[in-house]
Amino acid sequence: QVQLVESGGALVQPGGSLRLSCAASGSIFSINAMGWYRQAPGKERELVAAITSGGNTNYADSVKGRFTISRDNAKNTVYLQMNSLKPEDTAVYYCNADIIQAGGFPFDYWGQGTQVTVSS
């Protein structure tokens, strides 16, 4: 079994910073892309940022210049550094990873979500 466990969500004031972490554990052979998505109330889930195993990144236009995604392949962990947070960043943030288990095929895994609230 594979699990993704997120941490770091919190209530923060506008202009503040947060760092989200997501650790993958279980029977993992390798991990391809990892990413962060978010879903605000009444809205669809959207991609925030993604990173390949080689370190190539892409970001939603709304977070470019404010958020930075990174990963530690040795720890099977992906991070999202969020700076200059805005109220519109309020959402549940979900970790996603394309994981290959030993002898298996790539499969998309999701974390349980962590709440980020930006409010004064």
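In what follows, the structure referred to is the one given above.
Presented here is a report on the structure given in the accompanying data block.

What counts, and at which threshold
- Residues numbered from 1 in each chain as written.
- Predicted model: local features only at pLDDT ≥ 70, side-chain atom pairs only at ≥ 80, totals over all residues.
- Heavy atoms only, no water.
- Helix = DSSP H or I, 4+ residues; strand = E, 2+ residues; numbered from the N terminus.
- Rg over C-alpha atoms; globule rule 2.2 N^0.38 Å.
- Buried < 20%, exposed > 50% of the residue type's maximum accessible area, 1.4 Å probe, protein only.
- Contact = heavy atoms within 4.5 Å.
- Lys, Arg positive; Asp, Glu negative; His and termini not counted.
- Charge placed at Lys NZ, Arg CZ, Asp CG, Glu CD.
- Salt bridge = Lys/Arg side-chain N within 4 Å of Asp/Glu carboxyl O.
- Core = buried A, V, L, I, M, F, W, Y, C linked by side-chain atoms within 4.5 Å.
- Pairing = 2+ DSSP bridges.
- Axes fitted to C-alpha atoms, helices over the stretch in contact; angles between N-to-C directions.

### Quick word on the overall build of the protein
Stage number 1. A tally of regular secondary structure across the protein gives zero helices and eleven strands.
Stage number 2. Reading the helices (α) and strands (β) of the protein from amino to carboxyl end gives β-β-β-β-β-β-β-β-β-β-β.
Stage number 3. Against the 2.2 N^0.38 benchmark of 14 Å for 120 residues, the protein shows a C-alpha radius of gyration of 14 Å, consistent with a compact globule.
Stage number 4. Each of the three principal axes of the protein carries a C-alpha extent, and together these read 50 × 25 × 25 Å.
Stage number 5. In the protein, which comprises 120 residues, the share counted as buried stands at 39%.
Stage number 6. Taking contacts inside the protein between residues at least 6 apart in sequence as the whole, the part at least 24 apart equals 55%.
Stage number 7. Between the averaged position of the 9 positive side-chain charges in the protein and that of its 9 negative side-chain charges there is a distance of 5 Å.

### Points about the pattern of salt bridges
Stage number 1. In the structure shown here, the tally under the stated rule is four salt bridges.
Stage number 2. With a shortest N-O distance of 2.7 Å, R38 and E46 are connected by a salt bridge.
Stage number 3. What makes R38 buried here is its relative accessible area of 7%.
Stage number 4. Given the relative accessible area of 35%, E46 is considered partly exposed.
Stage number 5. In this structure, D61 and K64 form a salt bridge, with 3.1 Å as the shortest nitrogen-oxygen distance.
Stage number 6. The network of salt bridges with common partners includes R38, E46, R66 and D89.

### Observations regarding the nonpolar core
Stage number 1. Core analysis: the biggest nonpolar cluster contains 30 residues, and W36, L80, M82 and Y93 have the highest contact counts within it.
Stage number 2. For this core, the secondary-structure elements that each account for two or more residues are β1 (2–7), β3 (18–26), β4 (30–39), β5 (46–51), β7 (67–72), β8 (77–82), β9 (91–100) and β11 (114–118).
Stage number 3. If you tally residues by element for this core, the top one is β9, at five residues.
Stage number 4. Setting aside residues no more than four positions away along its own chain, Y93 makes contact with E6, L20, W36, Y37, R38, V48, F67, L80, M82, G113, T114 and V116.

### Describing the sheet that holds β3
Stage number 1. On the basis of which strands lie adjacent, the open sheet formed by four strands has the order β1-β3-β8-β7 and antiparallel pairing. In this open sheet, the two edge strands, each paired with only one partner strand, are β1 and β7. Shown here is a sheet whose adjacent strand axes are inclined to one another by a mean of 15°, direction ignored.
Stage number 2. Relative to β3, β1 is paired through six bridges, and the arrangement is antiparallel. Within β3, the residue paired with S7 across the bridge is S21.

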